[in-house]
Amino acid sequence: MKSSGIAKKAVLSSSIFFAVRGVCCNKTPCEPSFDPAGVVVADRYVLGHDAMRRMKEANVLVAGMRGLGVEIAKNVILAGVRSVTVQDEGVTEWCDLASQFYLRESHLGQNRSVCCCPQLSQLNSYVRVHSHCGPLEENFLFGFQVVVLTNSTLLEQQRVGTFCHSHNIKFIVADTKGLCGQLFCDFGEDFTVTDCNGEPPITAMIDKITKVMHGFKIYSYCNGFSFSICDTSGFHEYERGGVVTEVKDSATFTGYINGVCGLTLSFHLTAIQVDADKLVTLATRLKVASGLDEMDENMVRKLAMVARGDLAPVNAFIGGLAAQEVIKACSGKFTPLHQWMYFHALECLPEAAKVEEQLLAMRCRYDGQIAVFGSDFQEKLGKQRYFLVGAGAIGCELLKNFALIGLGAGEGGHITVTDMDSIEKSNLNRQFLFKPQDIGRQKANVAAEAARQMNPDMNITAHQNRLGTESESVYGHSFFRNLDGVAAALDNYEARVYLDGCCVAYKKPMLEGGTLGTKGSTVVVVPHVTESYGPTSSGGEHAIPLCTLKNFPHRIEHTLQWARDQFEGLFKHSAENVNQYSSDSGFLSHTMERGPAEELEVLESISSSLGEQRPRSWPDCVSWARRRWETLYNNDIRQLLHCFPPDSVTSSGLPFWMDMKRCPHPLTFDPNNTTHMDYVVAAANLYGQIYGIEGTRDCAAIRAALEEVHVPEFTPKSSVKIHVTDEEMKGEEAKDVARLNELREKLASGPVRGHAPRMQPLEFEKDDDSNFHMDYIVAASNLRAENYDIPTTDKHKSKLIAGRIMPAIATTTAAIAGLMCLELYKLVQGHRRIESYRSSFLNLIRVSFTFHLAGKEYSLWDDFLVQGKRGDGEEMTLGELLKHIKETYNLEITGLFYGPALLYSAGPCHSNRLQQKYDIPSSLSVVFRCWTSTEGRGDYDIIM
């Protein structure tokens, strides 16, 4: 029986809608009406495109071009609005160079906005950048949709804010004073947000629908929830294949507070430049006069101590947040800040008070930093030797901050940066040190050059090495021994864990940060103070089960991964295998070591590539692509349905096609179908490329060639076994032993051996729209999605998933790099109090932050020296070792390892080992890793 789909919107709560798609019996003549566009909108990946379209219409003003203002302008320009105007009436001063990365000593005495405008203009060729040296008059403000004030007075904020609110102009105030920062947003009386949380719409398979008198209840067991919708008494019984997808509702925010809080008054009173006691007195008087709540006098006192400072890390953090609020104001996406936010990092202050003379300005580029930490600390910063791993998005932001604060810029100081990647076009919108003319150059080299331009005193060396066991000859004991610390700006978990292991081994501190869109985190690792980064069980990527990819996809991510695997197998691995077979005499014997099943697959690929499937002309490539289409989207699906018909049941009597298993249907090739032709065009061209045959995009010519293609008839076979689980696939061996032996003999003595023409393997490149790579991925994935009734997706989202892109945006990377450098201040000063260090987690969608105090009572930084031999020369038994640790350190060992080998585990299984002795030479240091049962459980090293 053929089933049809139905759709219905249902309210789950006051602000969340769901679009429901399912399969019901269609015998009833009275089906409810519905608008199919609602389901289409819910399934399409259009929110990002709509937000960008709205941003392209926005004109933004950023007033104040000191360190904070230029940080905001940079991030907004990279995001891609219509225009950005930078305004400043002031001229460049020495203190500006501490955080304004586009100002040079040669700009002293010149207008700040004019000086930095040319470099801001280079960040994004699609954004018009203007400078304005005059005051913020009302006629001038009319031309903007968003106005941002930095380094402004309270009176100016109130004047401009009132004007903007009355004319529906989004208004943002950002300010920093040393280690403190504030942010204020007013987006008007009624500001509509299309997506409050930024999370992908929830999609779930429907397991069961129960009908009741006032409607029915939908259950999705795999996602663990149920909900009710309208009266469905006219519906027939639910069969299978239902999908529920969240339809996000918009929300309206009202944001305007006609008044200020105590900290706001304190922020502006610091401009009077009085001492801390007088500032507290003035703030208290204003608090009483204004009728405000209680004020934190200790906070006001510390604010006065640091207010003259201008710090690049704080500007980077507040600037990232403020720029994200600009993006929200322009796009109508994500929840805006609710009025005021204050931030401080006063724990960065020296643990011992600084002499006033050390804080005086020295008419140098670091005056803004010296005003907070003193001249001695500045000298210490310059002597630091740091290793930066990664020159991508976070790496660029870190190098900017390093240059501004003077890390490694003094005598004896040095920074080594390594990154093996070259610059791609897609890097330019978030890695601001790179320009279009740098495409193709090494990231580390260009980033190092840019850092030197910001600070000519920088001592920096660029490498192009991948960090790992293969580079230990470069980054070994002598290299790490001379370092003061390490900063990790890596994009994968394995590399982070390896670098963390090096830092543990050589007792070096490590700063680590990562981002995923608007989310970010930082970790600081301090020897003998905090725990290390990893490894942890939560790291790494979650692999999609092979049986899901091969036969039972139920998400678009599954079909995209399947398409990516198809690309690698057809256009890369097959060509590589042929080339190795032709040039390596031991290739066949090495292939045998892979196991019979994989060996058969490789040999079949080589045989077909050199034999019947080897194209001689362009029409042969078109013929191959057409036959490949038939195999993947018709024949394979018919074979699957032959083995498991739509009405199949399991041994338990339950329907086979339920839960995560979506029942597919075969496709029929149609040359007038755009997606069908997209696949043939891309596949034929890619197939021609690996054989050196020139292709074409001429669809008329390709359709003509298709008319000559003979597609063989296909009949499903009952002898074919299709695996349902990964365990079945792993246990499968090559059944066709005769065919395997035939291929071994044929290829071992074949006439082409050693004379086969070399093929051209293709390396997947997502950013070249002319190479057919993404054309193939999108078409192949969407066709398979159509097989399984999975909503298709567009090229943009396909590129993100198939290209394995970890979305990085300038606002988040700037904020995370700022937080990392605040921890750097503490490391350089040598803070030893655990409560000083922060591991942070942020989400700029809702401006939420979490800061965790780091550290454990015992960690892997602790070494416990044990005398392995007693006074009589006898070796200590294992039981005596455990007793010694218990009596000396009050720790109970529950597991003891020597490398990967388990020597002891608490419990009855290893009780017989307690009396064993371990004959270890006294000159050998052996590391035993132990887990203890104390509070604050952690692992640490015992050295014998």
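Residues numbered from 1 in each chain as written. Predicted model: local features only at pLDDT ≥ 70, side-chain atom pairs only at ≥ 80, totals over all residues. Heavy atoms only, no water.

The name given to the protein chain in an unreviewed UniProt entry is E1 ubiquitin-activating enzyme, with Denticeps clupeoides as the source organism. Word for word, the UniProt comment on the protein chain under Sequence similarities (unreviewed entry) is "Belongs to the ubiquitin-activating E1 family." (UniProt positions renumbered as here; feature names shortened; annotations may be inferred.)

Q: Could you clarify how one ought to interpret the overall build of the protein chain in this entry?
A: What the protein chain contains, in helices and strands, is 29 helices and 29 strands. When the 944 residues of the protein chain are sorted by exposure, 52% land in the buried category. Taking as baseline every contact in the protein chain between residues at least 6 positions apart, the subset at least 24 positions apart corresponds to 71%. Accessible surface for the protein chain amounts to roughly 42900 Å². Of this, 51% is attributable to carbon and sulfur atoms. (Helix = DSSP H or I, 4+ residues; strand = E, 2+ residues; numbered from the N terminus. Buried < 20%, exposed > 50% of the residue type's maximum accessible area, 1.4 Å probe, protein only. Contact = heavy atoms within 4.5 Å. Areas by Shrake-Rupley, 256 points an atom, 1.4 Å probe, with all protein chains shown as cover.)

Q: Help me out: how do you make sense of helix 16 (residues 493-506) in this one?
A: For an α-helix, the turn length of 3.6 residues means that residues three or four places apart are oriented alike. Relative to the 20 Å expected for 14 residues at 1.5 Å per residue, helix 16 spans 20 Å between its end C-alpha atoms, a close match to the ideal helical length. For helix 16, every residue scored as buried is listed here: Tyr493, Ala495, Arg496, Leu499, Asp500, Cys502, Cys503 and Val504. Next to the buried residues of helix 16 lie strand 17 (385-389), helix 15 (477-481), strand 20 (485-488), strand 21 (510-516) and strand 22 (519-525). Positive phi appears at Lys507, one or two residues downstream of helix 16, with a value of about 55°. (Expected span 1.5 Å × (residues − 1).)

Q: Would you mind going over the packing of helix 12 (residues 375-382) against helix 28 (residues 810-829) with me for this structure?
A: Angle between the axes and distance between the axes are the two parameters that describe a pair of packed helices. Their axes nearest at 10 Å, the elements helix 12 and helix 28 cross at an angle of 95°. Classified by the angle their axes make, helix 12 and helix 28 are roughly perpendicular. Together, Phe377, Lys380 and Leu381 of helix 12 and Tyr825, Val828 and Gln829 of helix 28 make up the contact between the two elements. Here the residues of the contact of helix 12 with helix 28 are counted per class, giving four nonpolar, one polar and one charged. (Axes fitted to C-alpha atoms, helices over the stretch in contact; angles between N-to-C directions. Parallel < 35°, antiparallel > 145°, perpendicular 65-115°, else oblique. Nonpolar A, V, L, I, M, F, W, Y, C, P; charged D, E, K, R; others polar.)

Q: Help me understand the sheet that holds strand 5 (residues 128-132) in this model?
A: Whether parallel or antiparallel, the strands of a sheet pair through hydrogen bonds between backbone atoms. Here we have seven strands laid out as an open sheet, ordered 5-4-3-6-7-8-16, and mixed in their pairing. Unpaired on one side and paired on the other, strand 5 and strand 16 (340-344) mark the two borders of the sheet. In this sheet, adjacent strand axes meet at a mean angle of 15° when their direction is disregarded. Inspection of the sheet shows strand 4 (residues 83-87) paired to strand 5 by five bridges, in the parallel sense. Counterpart to Gln87 in the pairing with strand 5 is His132. Sitting on the sheet, helix 4 (residues 112-121) is in contact with strand 4 and strand 5, with an inclination near 175° to strand 5. (Pairing = 2+ DSSP bridges.)

Q: Would you mind showing me how to read unusual backbone geometry here?
A: Both trends apply: most residues other than glycine have a negative phi, and most peptide bonds are in trans. Of note in this structure, Phe334 is not a glycine but carries a positive phi near 85°. Note on placement: Phe334 falls in the loop between helix 10 (312-331) and strand 16. Here Lys507, not a glycine, exhibits a phi torsion of approximately 55°, which is positive. If you trace the backbone, Lys507 turns up in the loop between helix 16 and strand 21.

Q: Any chance you could explain the pairing of strand 7 (residues 170-177) here in plain terms?
A: Where a strand is regular, its side chains alternate between the two sheet faces. Extensive coverage of strand 7 is indicated by the burial of eight of its eight residues. Going residue by residue along strand 7, you find Lys170, Ile172, Ala174 and Thr176 tucked away on one face and Phe171, Val173, Asp175 and Lys177 tucked away on the opposite face as well. Pairing of strand 6 (residues 146-150) with strand 7 involves five bridges; the strand directions are parallel. Bridge assignment links Val148 to a residue of strand 7, and that residue is Ile172. Once you follow strand 6 into helix 6 (residues 154-166) and on to strand 7, the crossover reads as right-handed. Inspection of the sheet shows strand 7 paired to strand 8 (residues 180-186) by seven bridges, in the antiparallel sense. Counterpart to Thr176 in the pairing with strand 8 is Gly181. Two successive antiparallel strands, strand 7 and strand 8, enclose a turn made up of two residues, where Gly178 displays a positive phi of approximately 60°. (Right-handed = clockwise from strand over helix to strand, strands pointing away.)

Q: Sorry, what's going on with the nonpolar core here?
A: Ranked by internal contacts, the top residues of the largest apolar core, which has 114 residues, are Leu120, Leu179, Leu398 and Phe402. Not counting residues up to four positions away in its chain, the partners in contact with Leu120 are Met65, Val70, Ala73, Lys74, Ile77, Val86, Tyr102 and Val129. Counting 69 residues, the second largest nonpolar core, distinct from the first, contains Ala625, Met677, Val680 and Ala780. (Core = buried A, V, L, I, M, F, W, Y, C linked by side-chain atoms within 4.5 Å.)

Q: Even after reading the chapter, I still don't get the packing of aromatic side chains, so can you show me in this structure?
A: Each pair of aromatic rings is reported with the distance of its centres and the angle of its planes. The full count for this structure, using the stated rule, is 34 aromatic pairs. With a centroid separation of 5.6 Å and 90° between ring planes, the pair formed by Tyr633 and Tyr679 is classed as edge-to-face. With a gap of 46 residues between them, Tyr633 in helix 21 (residues 618-643) and Tyr679 in helix 22 (residues 674-691) connect regions that are remote in the sequence. The exposure classification of Tyr633 matches that of Tyr679, with both residues buried. Taken together, the ring pairs connect Trp562, Phe567, Phe571, Trp624, Trp629, Tyr633, Phe669, Tyr679, Tyr687, Tyr691, Phe764 and Tyr776 into an aromatic cluster. One residue, Lys661, lies across the ring of Phe552, its end atom 5.5 Å from the ring centre. Above the plane of the ring of Phe656 lies Lys661, whose end atom (NZ or CZ) is 5.3 Å from the centre. (Phe/Tyr/Trp six-rings, centres within 6.5 Å; stacked < 30°, edge-to-face > 60°. Lys NZ or Arg CZ within 6 Å of the ring centre and 35° of its normal.)

Q: Before we go on, may I ask you to explain the pattern of salt bridges in this structure?
A: Opposite charge on two side chains makes pairing possible when the charged atoms of those side chains draw close. Enumeration according to the criterion identifies 26 salt bridges in this entry. One salt bridge in this structure joins Arg496 and Glu512, with 2.4 Å as the shortest N-O distance. Here Glu512 lies in strand 21 and Arg496 lies in helix 16, a separation of 16 residues in the sequence. As far as burial versus exposure is concerned, Arg496 and Glu512 are alike and both buried. Here the salt bridges do not stand alone but share partners, grouping Arg66, Asp88, Glu93, Asp96 and Arg112 into one network. (Salt bridge = Lys/Arg side-chain N within 4 Å of Asp/Glu carboxyl O.)

Q: It is not clear to me how the UniProt feature "active site" (unreviewed entry) in the protein chain should be interpreted in this structure. Could you clarify?
A: When the UniProt feature table is mapped to this numbering, "active site" (unreviewed entry) covers Cys547. Looking at where Cys547 falls in the secondary structure, it is placed in helix 17 (residues 546-550).

Q: Please explain the state of the cysteines as it appears in this structure.
A: For the coordinates displayed, the defined rule picks out zero disulfides. The cysteine Cys116 is free of any disulfide, with Cys117 supplying the nearest cysteine sulfur at 6.8 Å. Judged by its relative accessible area of 0%, Cys116 is buried. Not engaged in a disulfide, the cysteine Cys503 finds its nearest cysteine sulfur in Cys502; these two sulfurs lie 6.8 Å apart. Judged by its relative accessible area of 0%, Cys503 falls in the buried class. (Disulfide = S-S within 2.5 Å.)

Q: Is there a simple way to think about the confidence of the model for the protein chain in this case?
A: Caution applies to low-pLDDT parts of the model: their predicted coordinates are not meant to be read in detail. Overall, the prediction assigns the protein chain a mean pLDDT of 79, with 76% of residues at 70 or greater. When pLDDT is averaged over each element of the protein chain, strand 3 (residues 59-63) comes out on top at 97 and helix 1 (residues 36-43) at the bottom at 28. Here residues 1-47 is a poorly scored stretch, pLDDT under 50, and it has 111 contacts once near neighbours within four places are set aside; other chains count. Counting contacts from residues 920-944, a segment whose pLDDT is below 50, to residues more than four positions away or on other chains yields 82 contacts. (pLDDT = per-residue confidence, 0-100.)

Q: I keep staring at the environment of Ala682 and nothing clicks. Help me out?
A: The topology assignment puts Ala682 in helix 22. Spatially, the C-alpha atom of Ala682 lies 6.0 Å from that of Asp775, the residues being 93 residues apart in sequence. The contact partners of Ala682, leaving out residues within four places of it in the chain, are Phe772, Asp775 and Tyr776.

Q: Honestly, the packing of helix 10 against helix 13 (residues 393-405) in this entry has me stumped. Any pointers?
A: The N-to-C vectors of helix 10 and helix 13 enclose an angle of 145°; their axes lie 9 Å apart at closest approach. Between helix 10 and helix 13, the contacting residues are Ala312, Pro313 and Ala316 on the first element and Lys400, Asn401, Leu404 and Ile405 on the second. A breakdown of the residues in the contact of helix 10 with helix 13 according to their chemical character gives five nonpolar, one polar and one charged.

Q: Sorry, what's going on with helix 3 (residues 67-79) here?
A: Here helix 3 contains 13 residues, and its C-alpha end-to-end distance of 19 Å stays within 8% of the 18 Å for a straight helix at 1.5 Å per residue. In terms of burial, helix 3 is largely enclosed, as 12 of its 13 residues are buried. Inspection of helix 3 places Gly67, Leu68, Gly69, Val70, Glu71, Ile72, Ala73, Lys74, Asn75, Val76, Ile77 and Leu78 among the buried residues, and these make up the whole buried set. Just past helix 3, the residue Gly80 takes up positive phi, approximately 100°.

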